Number of protein chains: 2
Amino acid sequence: MSNPGVVELPLVQDEVAACCPPVTSAELSETDAVRMAAMFKALGDPVRLRLFSKVASHAGGEACVCDIQDVGVSQPTVSHHLKKLREAGLLSSERRGTWVYYRVEPQVLAAMSLLLGGSAS
Amino acid sequence: MSNPGVVELPLVQDEVAACCPPVTSAELSETDAVRMAAMFKALGDPVRLRLFSKVASHAGGEACVCDIQDVGVSQPTVSHHLKKLREAGLLSSERRGTWVYYRVEPQVLAAMSLLLGGSAS
């Protein structure tokens, strides 16, 4: 059933940033609301948001779990939060030797920002 | 205790948009993370995000609860979600006669968008 005024977002993550309409211009469809709410929920915890900002602002745009664990919770809790951020599509990870490195997914960040009415920077 | 590289946000809501650093440029302080996480959490529910987008995209930038309750949940649940959005600072409300009208707080939306690395539109 089509709903005029509701803009469908594509399922391909790489294309999200290009077409995500600001909430001020069009109503989110039910499907898109489920997807985008999961991303906002991932940032809805103070420790998770701090970990995310630590990865995002780290030199080179990526961080090892060893760089970012000074947030006042145990290492397993840090790993749990990083997993949640990865599952929500906000971070990608890559193992290199002993350590796992985390990197922000810029197109997902851009999609969230655009949805909130900002322009892509 | 000051932490170099951590930018403090002011407590005054009207000033948030002007100084909110993108997560890619600076690490969020613990205090700011608590405040910003509460805003993201408010959008972390699909029904709440749809209600928010309905208010944001409604003609004139505001909506009566009577305009936006077709989201498949009961009217008390709609009211509960709108209250959560109001408590998080994302919506303001005003009673006019029989109805309460909701309006998006643009400076809060801009602060969230900027935090995610976008430019204010």
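Residues numbered from 1 in each chain as written. Chains lettered and ligands numbered in written order. Predicted model: local features only at pLDDT ≥ 70, side-chain atom pairs only at ≥ 80, totals over all residues. Heavy atoms only, no water.

(A) Examining the interface of chain B and chain A more closely. Counting from both sides, the interface comprises 34 residues of chain B and, opposite them, 34 residues of chain A. Regarding the contact of chain B and chain A, the summed buried area is about 2800 Å², with carbon and sulfur atoms giving 67% of it. Linking chain B to chain A there are 4 salt bridges. Our enumeration of links across chain B and chain A arrives at 7 residue pairs in polar contact (both at pLDDT 80 or more). Secondary-structure elements contributing two or more residues to the side of chain B that touches chain A are strand E2 (27-28), helix H2 (30-42), helix H3 (46-57) and helix H5 (106-115) of chain B. At 8 residues, the largest contribution of residues to the side of chain B that touches chain A is made by H3 of chain B. Classifying every residue of the side of chain B that touches chain A gives 17 nonpolar, 11 polar and 6 charged. (Contact = heavy atoms within 4.5 Å. Buried area = accessible area lost by both parts, 1.4 Å probe. Salt bridge = Lys/Arg side-chain N within 4 Å of Asp/Glu carboxyl O. Polar contact = N/O pair within 3.5 Å; in protein donor to acceptor, adjacent residues only side chain to side chain. Helix = DSSP H or I, 4+ residues; strand = E, 2+ residues; numbered from the N terminus. Nonpolar A, V, L, I, M, F, W, Y, C, P; charged D, E, K, R; others polar.)

(B) A look at the pairing of strand E5 (residues 99-104) of chain B. Residues and elements named next belong to chain B. The side-chain alternation of E5 yields one buried face, formed by Val100, Tyr102 and Val104, and one unburied face, formed by Trp99, Tyr101 and Arg103. Where strand E3 (residues 62-64) and E5 come together, 3 bridges link them in antiparallel fashion. Within E5, the residue paired with Ala63 across the bridge is Tyr102. Across 6 bridges, strand E4 (residues 91-96) lies against E5 in antiparallel orientation. Bridge pairing links Leu91 to Val104 in E5. The loop that links E4 with its antiparallel partner E5 comprises 2 residues; one of these, Gly97, has a positive phi angle of about 65 degrees. (Buried < 20%, exposed > 50% of the residue type's maximum accessible area, 1.4 Å probe, protein only. Pairing = 2+ DSSP bridges.)

(C) The arrangement of the relation of the copies chain B and chain A in detail. The operation relating chain B to chain A is a screw motion whose rotation component is 180 degrees, with 0.0 Å of axial translation and a residual RMSD of 0.0 Å. This pairing of chains is accounted for by a two-fold axis. An overlap of 100% is found between the interface residues of chain B and their copies at the interface of chain A, pointing to a shared contact surface. (Least-squares fit on C-alpha atoms with pLDDT ≥ 70 in both.)

(D) The environment of Met39 of chain B, seen in detail. All names here are of chain B. Following the sequence through the fold, Met39 ends up in helix H2. In sequence terms Met39 and Ala56 are 17 residues apart; their C-alpha atoms lie 15 Å from each other. If near-sequence neighbours (up to four positions away) are discounted, Met39 is found in contact with Ala88, Leu90, Val108 and Met112.

(E) Quick peek at the pattern of salt bridges. On inspection of all chains with the given rule, the structure shows 16 salt bridges over all chains. For Glu30 of chain A, the salt bridge identified is with Arg50 of chain B, shortest N-O distance 3.9 Å. Residue Glu30 of chain A is found in helix H2 (residues 30-42), and its partner Arg50 of chain B is found in helix H3; the two belong to separate chains. Glu30 of chain A sits in the exposed class, given a relative accessible area of 55%. Residues Glu62 of chain A and Arg103 of chain A are paired through a salt bridge, measuring 3.3 Å at the closest nitrogen-oxygen approach. Pair noted here: Glu62 of chain A is in strand E3 (residues 62-64) and Arg103 of chain A is in strand E5 (residues 99-104), with a separation of 41 residues, a long-range link. If you follow the salt bridges from partner to partner, you end up with Glu62, Glu94, Arg96 and Arg103 of chain A in one network.

(F) Quick look at the sheet that holds E4 of chain B. Residues and elements named next belong to chain B. Spatial strand order, E3-E5-E4: 3 strands in an open sheet with antiparallel pairing. Both edges of this open sheet fall to E3 and E4, since each of them pairs with a single strand only. Strand-to-strand, the axes of this sheet are offset by a mean angle of 25 degrees, without reference to chain direction. On top of the sheet, H3 reaches E3, E4 and E5; it is set at about 90 degrees to E5, its chief contact. (Axes fitted to C-alpha atoms, helices over the stretch in contact; angles between N-to-C directions.)

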